[in-house]
Amino acid sequence: MTRPHRREAVLDIYQFALAAALFASPWLFAFMHNTGTATTDATVSALLVAAVSAVALRMFREWEEWINVMLGVWIAASPWVLGFGHTPASHVMLGFGILIAYLALMELWLVHNPDYYTLPPPQEWRPTPRPTRSSANGHRSRA
């Protein structure tokens, strides 16, 4: 028996990919030699996000997404908490943290709004035609 496919599962794949990029970020963005704290934080945070995303892919539970939201907030705030704010590493961590938290919140929103997929697309907006004033002979009068 196979599990039903969840449309939101692609967001867990994106979170896993972001975790892999975060793991490689000290080498990609060359901040591994500047501060050991930033490298350690990026590595540990990336491993945690990857683990939670992998578990969420296998069996979805809402609390897994809340953990990723908290991890994303931590990743975004950690440069200032750990003392390496205003460095290139802080910009990288801020960006990854915001993206990870955003994807987790998006998945939670989609799970709690199942009708989102079944709603018809919005009708194209068309202005209502203006009534025209016409004279007795069928020509438009100048108003």
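Cut-off values and rules
- Positions within a chain are numbered from 1, following the residues in the order the chain's sequence is written.
- With pLDDT at 70 or above as the cut-off, local features in this predicted model cover only qualifying residues; side-chain atom pairs require 80 or more to be listed or tallied, and sums for whole chains, interfaces and linings still use all residues.
- Hydrogens and water molecules were not included; the side-chain quantities draw on all heavy atoms of the structure.
- Patch rule: a residue counts if its relative accessible area is over 30% and it has no salt bridge; like charges are joined within 9 Å, and nonpolar side chains (Val, Leu, Ile, Met, Phe, Trp, Tyr) within 5 Å.
- Only the protein chains shown count as cover for residues, with accessible areas throughout obtained via the Shrake-Rupley method and a probe of 1.4 Å.
- Think of a salt bridge as a Lys or Arg side-chain nitrogen and an Asp or Glu carboxyl oxygen that are within 4 Å of each other.
- Starting at the N terminus, helices and strands are each numbered in turn, a helix being any DSSP run of H or I of at least four residues and a strand any DSSP run of E of at least two.
- A pair of aromatic rings is counted whenever rings of Phe, Tyr or Trp (Trp by its six-membered ring) have centres within 6.5 Å, and the orientation is called stacked for planes under 30 degrees apart, edge-to-face for over 60 and tilted otherwise.
- Think of it in three bands: with a 1.4 Å probe and only protein chains considered, a residue is buried below 20% of the maximum accessible area for its type, exposed above 50%, and partly exposed in between.
- To obtain an axis, a line is fitted to C-alpha atoms, over the contacting stretch when the element is a helix, and the angle between two such axes runs from 0 to 180 degrees between their N-to-C directions.
- Convention used here: angles under 35 degrees read as roughly parallel, angles over 145 as roughly antiparallel, angles from 65 to 115 as roughly perpendicular, and any remaining angle as oblique.
- Each crossing is labelled by how the near helix is turned from the far one, with a counterclockwise turn of less than a right angle marking it left-handed and a clockwise turn marking it right-handed.
- It only takes one pair of heavy atoms within 4.5 Å for two residues to be counted as in contact.
- Amino acid classes used here: Ala, Val, Leu, Ile, Met, Phe, Trp, Tyr, Cys and Pro are nonpolar; Asp, Glu, Lys and Arg are charged; the rest, including Gly, are polar.
- Given a helix with a known number of residues, its expected span is that number minus one, times 1.5 Å.

A. Summary view of a nonpolar patch on the surface. On the surface, V10, I13 and Y14 cluster together into a nonpolar patch covering about 270 Å² of accessible area. Within the fold, Y14 resides in helix α1 (residues 9–28).

B. Representation of the packing of aromatic side chains within the structure. Taken as a whole and judged by the stated rule, the model has one aromatic pair. Here the aromatic rings of F23 and W27 are separated by 6.2 Å at their centres, their planes lie at 45 degrees, and the arrangement is tilted. With F23 and W27 both in helix α1 and four residues apart, this pair spans about one turn of that helix. Taking the relative accessible area as the measure of exposure, W27 reaches 47% and is therefore partly exposed.

C. Representation of the packing of α1 against helix α2 (residues 36–58). For the pair α1 and α2, the least separation of the axes is 8 Å and the interaxial angle reads 160 degrees. Put simply, α1 runs roughly antiparallel to α2. In the packing of α1 onto α2, the handedness of the crossing is left-handed. Facing A9, D12, I13, Q15, F16, A19, L22, F23, S25 and P26 of α1, the residues of α2 in contact are T39, A42, T43, S45, A46, L47, V49, A50, S53, A54, A56 and L57. Of the residues contributing to the contact of α1 with α2, the split by class is 15 nonpolar, six polar and one charged.

D. Geometry of α2. Between its first and last C-alpha atoms α2 spans 33 Å; for 23 residues at 1.5 Å apiece the expected length is 33 Å, and the two agree. Three or more residues of α2 are buried, namely A38, T39, D41, A42, T43, S45, A46, V49, A50, V52, S53 and A56.

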